[in-house]
Amino acid sequence: MRPASPGLILVIDADLVQRERVTAWLQLDGFTVYGAANADEGFELARNLKPSLILGNLVLALANGSQLLRALLHELPETAVIVISETASLDEAVNALQEGASDFLIKSLLNDDILRVSVHRAMERFSLRQENQRVRQELEQTNARLAQSLQLLEMDQRAGRKVQRRMLP
């Protein structure tokens, strides 16, 4: 149950023990994992690394007052995001998912199996979004070539009509 290209994962959590535990689980699955201890450090790492997946306590606020989750999704819209929270607040979960998070996990219930399923599902979505983007680009290129070919055919048709008109008495 491993994606074709694991990619980079960024774990953002102020709790060093939790961050190292999650990092170790992900590294066992073959992922390259980076960690950040706070929102600002995590945001900067995310901007520089452009990871496939970001997970951790993403409901934190950045130094400028904006919410980390919203800022990450705005800055890196293709990146998958999983929120791991200490509280089991339904409102917090619904808000995170409405903002665009792939999943919402509760820290006290987190184990390697739950994390593995959530991460692989998020990475699948990330891969599908990348594939979708690639196919769209190919489709746009093909449409541009077709439009150019159609234009050439129309020009040939006009030239053929002129030749036919000249041949008529």
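Everything below is about the structure printed above this text.
Below or above, wherever it landed, is the structure these notes cover.

Cut-offs applied
- Residues numbered from 1 in each chain as written.
- Predicted model: local features only at pLDDT ≥ 70, side-chain atom pairs only at ≥ 80, totals over all residues.
- Heavy atoms only, no water.
- Salt bridge = Lys/Arg side-chain N within 4 Å of Asp/Glu carboxyl O.
- Helix = DSSP H or I, 4+ residues; strand = E, 2+ residues; numbered from the N terminus.
- Buried < 20%, exposed > 50% of the residue type's maximum accessible area, 1.4 Å probe, protein only.
- Core = buried A, V, L, I, M, F, W, Y, C linked by side-chain atoms within 4.5 Å.
- Contact = heavy atoms within 4.5 Å.
- Pairing = 2+ DSSP bridges.
- Axes fitted to C-alpha atoms, helices over the stretch in contact; angles between N-to-C directions.
- Patch = residues over 30% accessible without salt bridge, like charges linked within 9 Å, V, L, I, M, F, W, Y side chains within 5 Å.
- Areas by Shrake-Rupley, 256 points an atom, 1.4 Å probe, with all protein chains shown as cover.
- Lys, Arg positive; Asp, Glu negative; His and termini not counted.
- Charge placed at Lys NZ, Arg CZ, Asp CG, Glu CD.
- Left-handed = near helix turned anticlockwise from the far one by under 90°.
- Nonpolar A, V, L, I, M, F, W, Y, C, P; charged D, E, K, R; others polar.

## Side note on the pattern of salt bridges
Then, number 1: All told, the structure shown has 10 salt bridges when counted by the stated rule.
Then, number 2: Between lysine 107 and aspartate 13 there is a salt bridge; the shortest N-O distance is 3.0 Å. With lysine 107 in the loop between strand S5 (103–106) and helix H5 (112–167) and aspartate 13 in the loop between strand S1 (8–12) and helix H1 (16–28), this pair connects stretches of sequence that are 94 residues apart. Like aspartate 13, lysine 107 is buried.

## What about the nonpolar core?
Then, number 1: Grouped together as the largest cluster of nonpolar side chains are 21 residues, with contacts concentrated most on Ile12, Ile54, Leu58, Leu68, Leu69, Leu72 and Val83.
Then, number 2: The set of elements that each furnish at least two residues to this core consists of S1, helix H2 (39–49), helix H3 (68–75), strand S4 (80–85) and helix H4 (90–99).
Then, number 3: Here this core gets five residues from one element, more than from any other, and that element is H3.
Then, number 4: Those residues within four positions of leucine 72 in sequence are excluded, and the remaining contacts are Ile12, Phe43, Ala46, Ile54, Leu58 and Pro77.

## Regarding the sheet that holds strand S3 (residues 53–56)
Then, number 1: Here we have five strands laid out as an open sheet, ordered S2-S1-S3-S4-S5, and parallel in their pairing. Where the open sheet ends on each side, the last strands, each with one partner, are strand S2 (32–36) and S5. When the angles between neighbouring strand axes are averaged without regard to direction, this sheet yields 20 degrees.
Then, number 2: Direction of pairing for S4 relative to S5: parallel, over a ladder of four bridges.

## Considerations on a positive patch on the surface
Then, number 1: Residues Arg158, Arg161, Lys162, Arg165 and Arg166 make up a contiguous surface patch of positive charge.
Then, number 2: Among the structural elements, lysine 162 can be located in helix H5.
Then, number 3: By relative accessible area, lysine 162 is classed as exposed at 51%.

## What about the environment of leucine 68?
Then, number 1: Checked against the element boundaries, leucine 68 lands in helix H3.
Then, number 2: The spacing of leucine 68 and asparagine 57 is 11 residues in sequence and 8.9 Å in space, taken between C-alpha atoms.
Then, number 3: Once residues within four sequence positions are removed from consideration, leucine 68 is found in contact with Ile12, Ala39, Phe43, Asn57, Leu58, Leu60 and Leu62.

## Points about the packing of H1 against H5
Between two packed helices, what matters for the description is the angle formed by their axes and the separation of those axes.
Then, number 1: One way to put it is that H1 packs onto H5 with a least axis distance of 10 Å and a crossing angle of 60 degrees. Considering only the axes of H1 and H5, their crossing is right-handed. When H1 is examined against H5, the residues Val22, Trp25 and Leu26 are found in contact with a partner set consisting of Asp112, Leu115 and Val119.
Then, number 2: For the contact of H1 with H5, a count of residues per class yields five nonpolar, no polar and one charged.

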